[in-house]
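Remarks on the overall topology
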Amino acid sequence: MGSARIGCCQSRIPKGIKYFEVGFNSYYNHLCVMNFNPCSHVFLVEQDWYKFTPEDIGEDFYIENSGGVPAVLDFSIRKESCSDARRNKSEYACVSRNSDCSDLSSGSGYLCSCSPGYQGNPYL
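These lines cover the structure that appears in this document, whether it is placed above or below.

A closer look at the overall build of the protein chain
When helices and strands are counted, the protein chain shows three helices and two strands. Taken from N to C terminus, the helices and strands of the protein chain fall in the order α-α-α-β-β. A separation of at least 24 residues holds for 40% of the contacts in the protein chain among residues at least 6 apart in sequence. Carbon together with sulfur atoms contributes 52% to the accessible area of the protein chain, which is approximately 10,200 Å² in total.

Here it is in structure tokens:
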């Protein structure tokens, strides 16, 4: 219940989700919580990296972390394998000749990565 006292909640982004949006509603203009939680913040961060403390709300957290925090996003392209995707050139995402396609080991879909010796965005 400690997190409830400081007005904090935490949520995982479920696997397989296609869209994620965070929003805030301020019931009674924060009057019920203003004395201990005067603002609303969202931290999208790698799960094991962050543990909330009230001191994190404010500019010091931003400065201490150089304006950024580690986030891990796992995604895939469509629900088809690389071999199936290559058959439809107009929809195939690994369009660069210096990118490689790999099937996901967990779930369906594929990812593009830069070929050895190359760096950048493999989807361009």
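Section: the state of the cysteines
A complete count under the given rule lists two disulfides for this structure. A sulfur-sulfur distance of 2.0 Å marks the disulfide that ties C82 to C101. In this structure, the disulfide formed by C82 and C101 twists by about -95° around the S-S bond and is classed as left-handed. In this pair, C82 sits in helix α3 (residues 82-86) while C101 sits in strand β1 (residues 99-103), placing the two residues 19 residues apart along the sequence. Residues C82 and C101 agree in their burial class; the two are buried. Here C94 connects covalently by a disulfide to C112, the sulfurs 1.9 Å from one another. Looking down the S-S bond of the C94 and C112 bridge, the torsion is -95°, so its handedness is left-handed. Residue C94 is found in the loop between α3 and β1, and its partner C112 is found in strand β2 (residues 110-114); the two are separated by 18 residues along the sequence. Owing to a relative accessible area of 5%, C94 belongs among the buried residues under this scheme. On the accessibility criterion, C112 (8% relative accessible area) is buried.

Concerning the nonpolar core
Soluble globular proteins tend to pack their nonpolar side chains together in the buried interior. Core analysis: the largest hydrophobic core is formed by nine residues, namely I77, C82, A85, Y92, A93, C94, C101, Y110 and C112. Going through the elements one at a time, α3 and β2 are the ones with two or more residues in this core.

Reading the values: the criteria
Residues numbered from 1 in each chain as written. Predicted model: local features only at pLDDT ≥ 70, side-chain atom pairs only at ≥ 80, totals over all residues. Heavy atoms only, no water. Helix = DSSP H or I, 4+ residues; strand = E, 2+ residues; numbered from the N terminus. Contact = heavy atoms within 4.5 Å. Areas by Shrake-Rupley, 256 points an atom, 1.4 Å probe, with all protein chains shown as cover. Disulfide = S-S within 2.5 Å. Buried < 20%, exposed > 50% of the residue type's maximum accessible area, 1.4 Å probe, protein only. Core = buried A, V, L, I, M, F, W, Y, C linked by side-chain atoms within 4.5 Å.

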